[in-house]
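Inside the fold
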Amino acid sequence: ARFVLVCALLAGLGATLLLSNVRWFRRSSLTDRLTPFSGARFGGLLPSTSLTDLLLPSVAIIGQRLASVLGVTEDLGARLARAGFALDTQAFRMRQVGASAVGLAIGLVAIAALQPPLVFMPLLILAPPLLGFLLLEQQVVAAGQARQHRIFAELPVMSEQLAMLLSAGYSVGAALARISERNSGTTGKDLKQVCERVRHGLSIAQALNEWSSVVNLPELGRLVSVLSLSSETSDLGSLVSAEANSIRREAQRQMNEVMDRRGQQVWIPVTVATLIPGVIFLIIPFLQALHLFSGT
């Protein structure tokens, strides 16, 4: 009896939430009742909060917990900003819910078409939604890493240009603005946003630290920390030039590491191609020796 009562209560609550979106059922708000007397124009037929607006926070929380269970611990907003996606966390989580729903539908269609054994049905029901969820997570991670690589590849040239402009007498803000106008790469776009943030009221150090926290590159963090010393030193150009040389050395080191790794990977198919014939040539005399000692 208690179970039936709880089910009836939950069903009534769900029906109330659904019917609250219907105009004839819901109670008009105080603003809607006073609007005709204020001479203001009536805004619309739907309330300011819909069922989707109510579900968005819950979907975001569930998605964050599921991502943490699957091993993704970094904040989604930081990853979206690093990847350059023009989406907020709730919209992205709703997109993941849509992908999971499509995966669930595909799994149900596969079950209806293939009629697998009962043991494989949970796998076909759970695997496609999780795959759709993880594909979008991996897309964000891959886009963020690719953007990090592009910024790291452009950072040596950008820092050297910045050092030249500072040595020529430019201020930090003027040098960043000039580089953003002449640079069409990823760093140029980011510097335009930095200059825009400065025009909105942030200081140059705050805007640069904001950019560095989004990109999350150690080399960029060191460069930003050097640029933050503009009010404390008169020889900022030489400091930025030294940091540019350090960034270039790090880029060369990583390039040499990649080349060495690729050079080692070349030997993998060569080693396999030489081992297989060698094993065959070793097996033939071994089998002949077995036949000789067995007397067959």
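Described in the following lines is the structure provided in the data block. (Residues numbered from 1 in each chain as written. Predicted model: local features only at pLDDT ≥ 70, side-chain atom pairs only at ≥ 80, totals over all residues. Heavy atoms only, no water.)

1. Quick look at the packing of helix α5 (residues 89-114) against helix α6 (residues 121-167)
- At a closest axis distance of 8 Å, the pairing of α5 and α6 adopts a crossing angle of 150°. Here α5 lies roughly antiparallel to α6, going by the angle between them. Between α5 and α6 lies a crossing whose hand is right-handed. In contact with Phe92, Arg93, Arg95, Gln96, Ala99, Ser100, Gly103, Leu104, Gly107 and Ile111 of α5, α6 contributes Met121, Leu124, Ile125, Pro128, Pro129, Gly132, Phe133, Leu136, Glu137 and Val140.
- Its residues placed into classes, the contact of α5 with α6 shows twelve nonpolar, five polar and three charged. (Axes fitted to C-alpha atoms, helices over the stretch in contact; angles between N-to-C directions. Helix = DSSP H or I, 4+ residues; strand = E, 2+ residues; numbered from the N terminus. Parallel < 35°, antiparallel > 145°, perpendicular 65-115°, else oblique. Left-handed = near helix turned anticlockwise from the far one by under 90°. Contact = heavy atoms within 4.5 Å. Nonpolar A, V, L, I, M, F, W, Y, C, P; charged D, E, K, R; others polar.)

2. Re the nonpolar core
- Core analysis: the largest hydrophobic core is formed by 29 residues, its most contacted members being Leu162, Leu166, Trp211 and Val240.
- Once residues lying within four places of it in the same chain are set aside, the contact partners of Leu162 are Ala175, Leu176, Ile179, Leu227 and Val240.
- In terms of nonpolar packing, the next biggest core, distinct from the first, is built from seven residues, Leu76, Phe92, Leu136 and Val140 among them. (Core = buried A, V, L, I, M, F, W, Y, C linked by side-chain atoms within 4.5 Å. Buried < 20%, exposed > 50% of the residue type's maximum accessible area, 1.4 Å probe, protein only.)

3. So, the environment of Met164
- For Met164, the position within the fold is in helix α6.
- By relative accessible area, Met164 is classed as exposed at 60%.
- Considered as a pair, Met164 and Ser238 are 74 residues apart in the sequence and their alpha carbons are 8.9 Å apart.

4. Examining the pattern of salt bridges
- For the structure on display, the rule yields ten salt bridges.
- In this structure, Glu210 engages Arg197 in a salt bridge whose closest nitrogen and oxygen atoms are separated by 2.9 Å. Pair noted here: Glu210 is in helix α9 (residues 204-215) and Arg197 is in helix α8 (residues 186-199), with a separation of 13 residues, a long-range link.
- Looking at Glu210, the relative accessible area reads 33%, which means it is partly exposed.
- In this structure, Arg261 engages Glu257 in a salt bridge whose closest nitrogen and oxygen atoms are separated by 3.1 Å. Of the two residues, Arg261 and Glu257 both sit in helix α11 (residues 236-294), four residues apart, roughly one turn of that helix.
- A residue is classified by how much of its surface remains accessible, and Arg261, at 38% relative accessible area, is partly exposed. (Salt bridge = Lys/Arg side-chain N within 4 Å of Asp/Glu carboxyl O.)

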